[in-house]
Amino acid sequence: MAKYSRLHGSVGLISLANPPVNALSSVVRHAISEKVAKAFRDPEVTCVVICGENGVFCGGADIREFASTMRGPPLVPMIDAIEEGEKPVVAAIEGVAFGGGLELALGCHYRIAHYKARVGLPEVTLGLLPAAGGTQRLPRLTGVAPALQLITTGRHVAAPEALKLGIVDQVTEQNTVEVAVQFAKSVVGQALHNRRLSLRQLSCPPDGLFEETMAQIKQRARGAVAPIACVQAVKAAATLPFKAGMDKERDLMATLFNSGQAKALQYSFFAQRSVAKWNLPNGAHSGISKARAVHRAAVIGLGTMGRGIVVSLVRAGISVIAMETNEKQLHTGKKMVIAILEKDAQKHNAAPRADLVHFTERLSDLSNVDLVIEAVYEDMVLKKDIFKQLSMICKPDAFLCTNTSALNVDELAAVTGRPEMVVGMHFFAPAHVMKLLEVVYGQHSSPEAVATAMQLGKRLGKVSVAVGNCPGFVGNRMMKLYVEQAHFLLEEGATPEQVDEALEEFGFAMGIFKVSDLSGLDVGWRVRKEAGLTGAGVDWKEPPRRRQGRRYSPLADLLCEKGHLGQKTSRGWYLYEKPGGRDPKPDQGLHSFLVEYRSKYGLKARRIDKDEVLERCLFSLINEGFCILDDGIASGPEDVDVIYVHGYGWPRHRGGPMFYADMVGLSKVLERLEFYHQAHPDVPYLKPSPLLRKLVRNGSPPIREWREFLKRPHSHL
Ligand SMILES: CCCCCC/C=C/CC(=O)SCCNC(=O)CCNC(=O)[C@H](O)C(C)(C)COP(=O)(O)OP(=O)(O)OC[C@H]1O[C@@H](n2cnc3c(N)ncnc32)[C@H](O)[C@@H]1OP(=O)(O)O
């Protein structure tokens, strides 16, 4: 777990050996303490180098150990012992030195980094703070302001920047361990006193730094507590002697360590990694499915989605044919794609990559690409026509993907002569910014097609989740019910401001009505028309607030009919100072409209509290999540949670909807859903899902055991 050898007779080399990232699990800590003591004891050894095997210094504490009682030697005395040693210790940093890994390096007297290495204290992203002296030593090395920024954001710093900040002493393009060994030999005999960071004096931080940072964090962190504790710990470094600062660091860590937020964030970390290991109901999985390389891709449609997808592909170095039949749209799309790529180039001080894109109006230009992503608007007839043509034009082994957000992938596959090559690649707007990608497998999608889309997603820097084919897939299927509940709450007496405030207090970046104004109310209107819920396809024999046999709120349709489409028209659920305005203000006109609406339909407004807003909106979403798991559309709760955190603004420190259900308690969720279903029998989706009932019947097992209660995938392979 840590190997020891002697080099050149006098250099003690300690190599951390705990693949894949040399995490500091208890055996590793034990081994490091032992090997350091051995090196310090050995009279032949004059200096020590600490490195990591397999090109990685250290990924930090072993996060898996946090869930159980921590055993083994603690990090703090181990790092203190290194710093206090009388022989120079040099950290040779390759790959990463994160968290406890960087804290270990900060206890060393010198740090040499490979030019491709990255360092950082990402504990805050796990709901923690760097509690092995990181909050006390880093400010003494870089100054308070840079350390505060790094510790409160968890930002990774590339070696050249780390050199500028003083975090490392030297950056090398050569073999880092060899350079560190030579360096260590060269400093033997030099005084170590001023290399011990715990002994350094801190210069005064700029006035107001902590207050300003705290204010920014309170605005940005949406209720997350770890960044606040990080500020308090760094403030202790700036105001207290080292030892007292360490005590403060330890006390603050104790408040975070067992918190629900830390558990949620650590769950999120592993959930994000688990979705990469996808498996399908037919038994195919990532372990046995090979992806094909994509060298040339095509995007059809240069609306908002298409443009973002083109930019993402180009950023990943893939050559793209961007096709659009509408001349004006082609022109605008081209201008916007090039503008984004030029801005990228300016930012990175590099040449723009526009040469990778070829714009065209002709579908026939797509004959030689490896993969096509269709991103035209949501019209099944149009999409089918395109897929039929693609099937004839594209080379036989080209993958045909659709960016549809809700339509049936199998229906599209059926019009092609190669249904096994068809998958959904559902990007989220703006596609060059949003991290999430739903890869939708159809009935006939081959494992190779799914693997290729997942791999491409990874290459584009997306968090990709493989999901089954059903209306709205995972994200939008759940979202629909959440939005509906929000509309019902307005009918019953709430205002958009009240609903949004409750959701934002919970931690969403934006309440649902603000989101609706931002994306445009016409988006949902088009979907509801397509589904026959409004417009020409409606069965007007039903009462006005019932459609297709259940409760329906026409509120959003009525706003659309008035032309109130959100930000772009300056009115929607809120009022904006001008079309395209961003700053929502309560709209008295909308409030009067709600009063008239309620009186027209004989609805009596009542006071709705925040708990009801949250329960109605979130528990209906969670209940649908259980249905999705039961249907096998998502293979585990982590998939649902990753989708909600990365695509729908669910606060990361609350883990995701399924994790939240586990935290609240499954019996409570069940009981509240039963209550609301009884109160609203005309809303069928409030009826608790059979899976939720099954889990409660089985004693509400923790989320990591839920997969055992899902229907087993069966192999058709
Ligand atoms: C009272 C307690 C006092 C404690 C005091 C000390 C406190 C210290 C705090 C910490 O150090 S917290 C940990 C801080 N470190 C991190 O946050 C780093 C997390 N890891 C990463 O960012 C990345 O994994 C990586 C290191 C950059 C590598 O990325 P890459 O893309 O190459 O691989 P992954 O797929 O992400 O990871 C591979 C594999 O390794 C697992 N893993 C990664 N880091 C850790 C870790 N720190 N602990 C345990 N496991 C880790 C990851 O889950 C993957 O596993 P899988 O099974 O293959 O999915």
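Residues numbered from 1 in each chain as written. Predicted model: local features only at pLDDT ≥ 70, side-chain atom pairs only at ≥ 80, totals over all residues. Heavy atoms only, no water.

(A) Main features of the overall build of the protein. Within the protein, the regular secondary structure consists of 27 helices and 19 strands. Dimensions of the protein along its principal axes, counting C-alpha atoms only, are 95 × 60 × 55 Å. Here the protein holds 717 residues, and 55% of them are scored as buried. Taking as baseline every contact in the protein between residues at least 6 positions apart, the subset at least 24 positions apart corresponds to 72%. Taken as a whole, the protein presents about 30,800 Å² of accessible surface, with 54% of it coming from carbon and sulfur. For the protein, the centre of its 88 positive side-chain charges and the centre of its 76 negative side-chain charges are spaced 1 Å apart. (Helix = DSSP H or I, 4+ residues; strand = E, 2+ residues; numbered from the N terminus. Buried < 20%, exposed > 50% of the residue type's maximum accessible area, 1.4 Å probe, protein only. Contact = heavy atoms within 4.5 Å. Areas by Shrake-Rupley, 256 points an atom, 1.4 Å probe, with all protein chains shown as cover. Lys, Arg positive; Asp, Glu negative; His and termini not counted. Charge placed at Lys NZ, Arg CZ, Asp CG, Glu CD.)

(B) Quick look at the domain arrangement of the protein. The domain boundaries assigned to the protein delineate domain 1 (2–257), domain 2 (296–471), domain 3 (494–500 + 510–600) and domain 4 (610–709). With 13 residues of domain 2 at the contact, the number on the domain 4 side is 8 residues. Regarding the contact of domain 2 and domain 4, the summed buried area is about 850 Å², with carbon and sulfur atoms giving 70% of it. Three residues stand out in domain 2 for area buried against domain 4, namely Leu 436, Val 463 and Val 465, and they jointly supply 39% of the buried area on that side. (Domains from an automatic or database assignment. Buried area = accessible area lost by both parts, 1.4 Å probe.)

(C) Quick look at the site of the ligand. Around the ligand, 21 residues are found, and the nearest of them are Gly 59, Ala 61, Gly 100, Arg 273 and Lys 277. Gly 59 places a main-chain nitrogen or oxygen 2.9 Å from a nitrogen atom of the ligand. A distance of 2.6 Å separates an oxygen atom of the ligand from a polar side-chain atom of Arg 273. Look at the ligand: alone it shows 1,100 Å² of surface, and the protein chains cover 72% of it. Residue composition of the shell around the ligand, grouped by class: 12 nonpolar, 4 polar and 5 charged. (Near = heavy atom within 4 Å. Polar contact = N/O pair within 3.5 Å; in protein donor to acceptor, adjacent residues only side chain to side chain. Nonpolar A, V, L, I, M, F, W, Y, C, P; charged D, E, K, R; others polar.)

(D) Highlighting the packing of helix H11 (residues 260–274) against helix H24 (residues 637–647). Running from amino to carboxyl end, H11 crosses H24 at an angle of 105°, the nearest separation of the two axes being 9 Å. When the axis of H11 is compared with that of H24, the two are roughly perpendicular. Residues Tyr 267, Ser 268, Ala 271, Gln 272 and Ser 274 of H11 pack against Pro 637, Glu 638, Asp 641, Val 642, Val 645 and His 646 of H24. Each residue belonging to the contact of H11 with H24 can be placed in one class, and the counts come to 5 nonpolar, 4 polar and 2 charged. (Axes fitted to C-alpha atoms, helices over the stretch in contact; angles between N-to-C directions. Parallel < 35°, antiparallel > 145°, perpendicular 65-115°, else oblique.)

(E) Region of interest: the UniProt feature "domain: 3-hydroxyacyl-CoA dehydrogenase C-terminal" (unreviewed entry) in the protein. As annotated in UniProt, the feature "domain: 3-hydroxyacyl-CoA dehydrogenase C-terminal" (unreviewed entry) corresponds to residues 472–576 and 613–702 in the numbering used here. Taken end to end, residues 472–576 is 51% helix and 4% strand, and its two terminal C-alpha atoms sit 30 Å from one another. Across residues 613–702, helical content stands at 66% and strand content at 0%; the span's end C-alpha atoms are separated by 26 Å. (UniProt positions renumbered as here; feature names shortened; annotations may be inferred.)

(F) Local environment of the pattern of salt bridges. Scanning the entire structure with this criterion turns up 44 salt bridges. Between Asp 587 and Arg 571 there is a salt bridge, with the nearest N and O atoms lying 3.1 Å from each other. Residue Asp 587 is found in the loop between helix H21 (555–561) and helix H22 (588–600), and its partner Arg 571 is found in the loop between H21 and H22; the two are separated by 16 residues along the sequence. Owing to a relative accessible area of 28%, Arg 571 belongs among the partly exposed residues under this scheme. When the shortest N-O distance is used, the salt bridge between Asp 639 and Arg 707 registers 3.6 Å. Of the two residues, Asp 639 sits in helix H24 while Arg 707 sits in the segment after helix H27 (690–697), which places them 68 residues apart along the sequence. You can call Asp 639 buried: its relative accessible area is 5%. On the basis of relative accessible area, Arg 707 is assigned to the partly exposed category, the value being 31%. Linked by salt bridges that have partners in common, Glu 491, Glu 492, Arg 545, Arg 551, Arg 606, Glu 612 and Arg 616 make up one network. (Salt bridge = Lys/Arg side-chain N within 4 Å of Asp/Glu carboxyl O.)

(G) Main features of the sheet that holds strand E8 (residues 157–158). As summarised here, the arrangement of the 3 strands in space is E5-E7-E8, forming an open sheet in which the pairing is mixed. One side of each edge strand has no neighbouring strand; the edge strands of this open sheet are strand E5 (96–98) and E8. Taken together, the 2 bridges between strand E7 (residues 118–120) and E8 define a ladder with antiparallel strand orientation. Residue pairing for E8: Arg 118 is matched across the bridge by Ala 158. On the sheet, helix H3 (residues 100–107) packs against E5 and E7 and is oriented at approximately 95° with respect to E5. (Pairing = 2+ DSSP bridges.)

(H) Molecular detail of the packing of aromatic side chains. Following the criterion strictly, the structure yields 17 aromatic pairs and no others. Aromatic side chains Phe 269 and Phe 270 sit 5.0 Å apart centroid to centroid with 85° between the ring planes, which places their arrangement in the edge-to-face category. When its relative accessible area of 24% is taken as the criterion, Phe 270 is described as partly exposed. Aromatic pair Phe 626 and Trp 706: ring centres 5.3 Å apart, planes at 40°, arrangement tilted. Of the two residues, Phe 626 is situated in helix H23 (residues 610–630) and Trp 706 in the segment after H27; the sequence distance between them amounts to 80 residues. With respect to class, Phe 626 is no different from Trp 706; both count as buried. What links up through ring pairs into an aromatic cluster is the set Tyr 482, Phe 506, Phe 508, Trp 650 and Tyr 660. (Phe/Tyr/Trp six-rings, centres within 6.5 Å; stacked < 30°, edge-to-face > 60°.)

(I) Structural context of the environment of Asp 631. Position of Asp 631 among the secondary structure elements: in the loop between H23 and H24. In this structure Asp 631 comes out as partly exposed when scored by relative accessible area, which is 47%. In sequence terms Asp 631 and Leu 691 are 60 residues apart; their C-alpha atoms lie 9.7 Å from each other.

(J) Inspection of helix H12 (residues 304–315) at higher detail. Under the 1.5 Å per step criterion, the end-to-end length of H12 is 17 Å for 12 residues, consistent within 8% with the ideal 16 Å. In terms of burial, H12 is largely enclosed, as 10 of its 12 residues are buried. Those residues of H12 that fall on the buried side of the exposure criterion are Met 305, Gly 306, Arg 307, Gly 308, Ile 309, Val 310, Val 311, Ser 312, Leu 313 and Val 314. Looking at the residues trailing H12, positive phi occurs at Gly 317, about 80°. (Expected span 1.5 Å × (residues − 1).)

(K) Geometry of helix H17 (residues 475–492). For H17, which comprises 18 residues, the first-to-last C-alpha distance of 26 Å matches the rise-based estimate of 26 Å (1.5 Å per residue) to within 8%. Summarising burial for H17: 15 of the 18 residues are buried, a large majority.

(L) Seen up close, the UniProt feature "domain: 3-hydroxyacyl-CoA dehydrogenase NAD binding" (unreviewed entry) in the protein. Under the UniProt annotation, the feature "domain: 3-hydroxyacyl-CoA dehydrogenase NAD binding" (unreviewed entry) is placed at residues 297–469. The annotated region residues 297–469 carries 39% helix and 22% strand content, and the separation between its end C-alpha atoms amounts to 23 Å.

(M) Inspection of the sheet that holds strand E15 (residues 422–427) at higher detail. Across the sheet, which stays open at both edges, the 8 strands sit in the order E12-E11-E10-E13-E14-E15-E16-E17 with mixed pairing between neighbours. Every other strand in the sheet has two partners, leaving strand E12 (357–360) and strand E17 (463–467) as the edge strands with one partner each. Neighbouring strand axes in the sheet, compared pairwise and without regard to direction, differ in orientation by 25° on average. Pairing geometry for E15 and strand E16 (residues 436–441), over 5 bridges, is antiparallel. Along E16, the bridge assignment pairs Met 425 with Val 439. Sheet strands in contact with H24 are E16 and E17, and its direction is about 135° off that of E17.

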